[in-house]
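Chain residues, written in single-letter form:
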Amino acid sequence: MVERDFMYLYKNRNNIYPNKINYHQINILFLIITFLLLFLGIRFFSVCAVFAFVLNIIVFFFLPTELIFCDLFFLLSLASIYKYGPGTVSFFTVLELTAIVVILFREKRLDAKFTIILCIYMCYVLIVCFINSTFDLLNFVKQIMNFFILYLFVRTVNKSIFNKVIIFYVFGVIASSIVGLFSKYIPNFYEYIRYVGAYIDGETYTRFTGLFGDPNYYSVNLILGLAGLILLYYKKEINIIFWICFICLSLFGFLTYSKSFILMYCGVCCMFIYVCLKMKKIFITSAFFLAFIGIFILGILGKIPIVNAIIERLTNFSDFDSLTTGRFHLWQTYIQYFIDNVTSFVFGRGLVVERVGDLGAHNTYIDYLYYLGLIGTVVNLSCLYICLSNNIGKKHVNLLNFSGVAIIFVMYFFLSMFFAFDLVFHIIIAWIYFKLDLKPKKLKIGG
């Protein structure tokens, strides 16, 4: 269990590796310092973020590769405040680039197939951008960085670290959410994060976004985190940590007033009930199911305002377009654009272009076709496939292993994630969930 590992490390901190550096403990200490510096940075001095960045860069040169990735997953949700000031480029991007350079220097080799397909993709994007005069260096570099991060993670990280990656990811989401909760006490915080309001049943609600600036994009991380917690719970890796984190992420999710969150949350709850039934935890299954039904009924009766407001958002629609908050009309607009511009549909428009009607598609799959075209999308997916192919095998695939893929597939249908900085990390998380060995292990007393 992850909890037992932490307790063992703590109780035997003076006996473990007496002649070696305990990188895990030192790394956690540095992450805590980084978090405090970032929090101080948005409240007092922007230079604190610079100190945190320099600290992380130095630490990366000494950390084992798996801990570098753990740190990236923790800092992912803090990327929007990991900068010198509002409007500046996030240091997190530079941190990703540093991690790539450090790990490549250690590995000293690249797979031939990956190198070839990546070069083909780069050349294709550059040609399309040149023809359409839509080249943007920052977006181009981020595209290439994403593939390198994905490739290096799959090739260098052992399955034994998967559990810790999930925990660091969840803790990062919670840490960023805590900062978001304190935002109203921080002067000029709105310069960093954009908040979203919702008009529901005659009242205006402020939708919580963590540090993501958009409740729906924030919800993806909440749902993926909840699914990961359930998988670790099923593996009997966590127990107390599970309940604490599950409740925290659930509360943060309800504060978003997001329709996509509540619909996916119902799926996550069904997933948890299924897990409990497989583990023969009848009491927990019954209690959780009754609590879920009770909260839903109280929400309908108006006793729980947040739940009642979310139900109002889900039920107050006249057609499919209002149900999807105007997205269906946008999809139709882009589909019509593809019909009228077959060349753009086949070859794409490049990385920086005017959007159709100056409106985003709010659909990642349409985004891929719009920016890269059909040919570019196929090349991109081919590169993705090669990155995810490795020798970490599985003897048995559980239905639960597809949870991450299902979450991304559904939620990306309503979001424009093509340029999102957390896209590659979502893919890695889904890949980890797919590769997890979900055979529950028997707990050993005193083990």
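Residues numbered from 1 in each chain as written. Predicted model: local features only at pLDDT ≥ 70, side-chain atom pairs only at ≥ 80, totals over all residues. Heavy atoms only, no water.

**A look at the overall build of the protein**
Helices and strands together make up the secondary structure of the protein, namely 19 helices and two strands. For the protein, buried positions account for 52% of its 447 residues. A separation of at least 24 residues holds for 75% of the contacts in the protein among residues at least 6 apart in sequence. Summing over all exposed atoms, the protein offers an accessible surface of approximately 21,700 Å²; the carbon and sulfur share of this is 68%. (Helix = DSSP H or I, 4+ residues; strand = E, 2+ residues; numbered from the N terminus. Buried < 20%, exposed > 50% of the residue type's maximum accessible area, 1.4 Å probe, protein only. Contact = heavy atoms within 4.5 Å. Areas by Shrake-Rupley, 256 points an atom, 1.4 Å probe, with all protein chains shown as cover.)

**Structural notes on the confidence of the model for the protein**
Caution applies to low-pLDDT parts of the model: their predicted coordinates are not meant to be read in detail. With 85% of its residues at a pLDDT of 70 or more, the protein has an overall mean of 83. Contacts for the low-pLDDT stretch residues 13-19, under 50 throughout, to residues beyond four places or in other chains number four contacts. Note on residues 443-447: pLDDT under 50 across the span, and four contacts to partners over four residues away in sequence or across chains. (pLDDT = per-residue confidence, 0-100.)

**Focus: a nonpolar patch on the surface**
A contiguous nonpolar patch, built from Phe289, Leu290, Ile293, Phe296, Ile297, Leu298, Ile300 and Leu301 and spanning about 760 Å² of accessible area, is present on the exposed surface. Note that Ile300 resides in helix 12 (residues 282-300). (Patch = residues over 30% accessible without salt bridge, like charges linked within 9 Å, V, L, I, M, F, W, Y side chains within 5 Å. Salt bridge = Lys/Arg side-chain N within 4 Å of Asp/Glu carboxyl O.)

**Description of the packing of helix 10 (residues 240-254) against helix 11 (residues 259-278)**
For the pair helix 10 and helix 11, interaxial distance at closest approach is 10 Å and the crossing angle is 160 degrees. Taken together, the axes of helix 10 and helix 11 lie roughly antiparallel to each other. Where helix 10 crosses over helix 11, the handedness of that crossing is left-handed. Here Phe242, Trp243, Phe246, Leu249, Ser250, Gly253 and Phe254 of helix 10 come into contact with helix 11, specifically with Phe261, Ile262, Tyr265, Val268 and Phe272. Tallied by class, residues from the contact of helix 10 with helix 11 come to 10 nonpolar, two polar and no charged. (Axes fitted to C-alpha atoms, helices over the stretch in contact; angles between N-to-C directions. Parallel < 35°, antiparallel > 145°, perpendicular 65-115°, else oblique. Left-handed = near helix turned anticlockwise from the far one by under 90°. Nonpolar A, V, L, I, M, F, W, Y, C, P; charged D, E, K, R; others polar.)

**Brief notes about the packing of aromatic side chains**
By the definition in use, this model includes 47 aromatic pairs. When the centroid spacing of 6.4 Å and the interplanar angle of 15 degrees are considered together, the rings of Phe153 and Phe162 count as stacked. The exposure class of Phe162 is buried, given its relative accessible area of 1%. A centroid spacing of 5.6 Å and a plane angle of 85 degrees characterise the contact between Phe208 and Tyr218, whose relative ring orientation is edge-to-face. In this pair, Phe208 is assigned in the loop between strand 2 (203-207) and helix 9 (215-234) and Tyr218 in helix 9, connecting sequence segments 10 residues apart. Phe208 sits in the buried class, given a relative accessible area of 8%. Positioned above the aromatic ring of Phe105 is the side chain of Lys108, whose terminal nitrogen or guanidinium carbon lies 4.5 Å from the ring centre. (Phe/Tyr/Trp six-rings, centres within 6.5 Å; stacked < 30°, edge-to-face > 60°. Lys NZ or Arg CZ within 6 Å of the ring centre and 35° of its normal.)

**Side note on the environment of Phe425**
Within the secondary structure layout, Phe425 lies in helix 19 (residues 423-435). Given a relative accessible area of 0%, Phe425 falls into the buried group. Measuring from C-alpha to C-alpha, the distance between Phe425 and Leu150 comes to 8.0 Å, with 275 residues separating the pair along the chain. Not counting the four nearest positions on each side in its chain, Phe425 is found in contact with Leu72, Phe73, Leu76, Phe92 and Glu96.

**Thoughts on the state of the cysteines**
Within the structure shown, the criterion is met by zero disulfides. No disulfide involves Cys266; its sulfur sits 6.5 Å from the nearest other cysteine sulfur, which is in Cys269. (Disulfide = S-S within 2.5 Å.)

**Quick notes on the side chain of Ser90**
One can find Ser90 in the loop between helix 4 (65-75) and helix 5 (91-107). Looking at Ser90, its side chain comes within polar contact range of the main-chain oxygen of Ala79, at 2.8 Å. Within the structure, Ser90 has its side chain in polar contact with the backbone oxygen of Tyr82 (distance 3.4 Å). Filtering out sequence-adjacent residues up to four positions away, Ser90 remains in contact with Ala79, Tyr82 and Lys83. (Polar contact = N/O pair within 3.5 Å; in protein donor to acceptor, adjacent residues only side chain to side chain.)

**A word on helix 6 (residues 112-132)**
Between its terminal C-alpha atoms helix 6 stretches 30 Å, which fits the 30 Å expected from 21 residues at 1.5 Å a residue. Considered for burial, the residues of helix 6 that qualify are Phe114, Ile117, Leu118, Tyr121, Tyr124, Val125, Val128 and Cys129. End-on, the buried residues of helix 6 take up no more than an arc of 125 degrees, which puts them together on one face. Turned more than 90 degrees from where helix 6 packs its buried face, Ala112, Ile116, Ile127, Phe130 and Ile131 sit exposed. Buried-residue contacts for helix 6 involve helix 7 (137-156), helix 16 (342-347) and helix 17 (364-388). The distance from a side-chain oxygen at the start of helix 6 to the backbone nitrogen of Lys113 is 3.1 Å, and the residue carrying that oxygen is Asp111. (Expected span 1.5 Å × (residues − 1). Arc of directions from axis to C-beta.)

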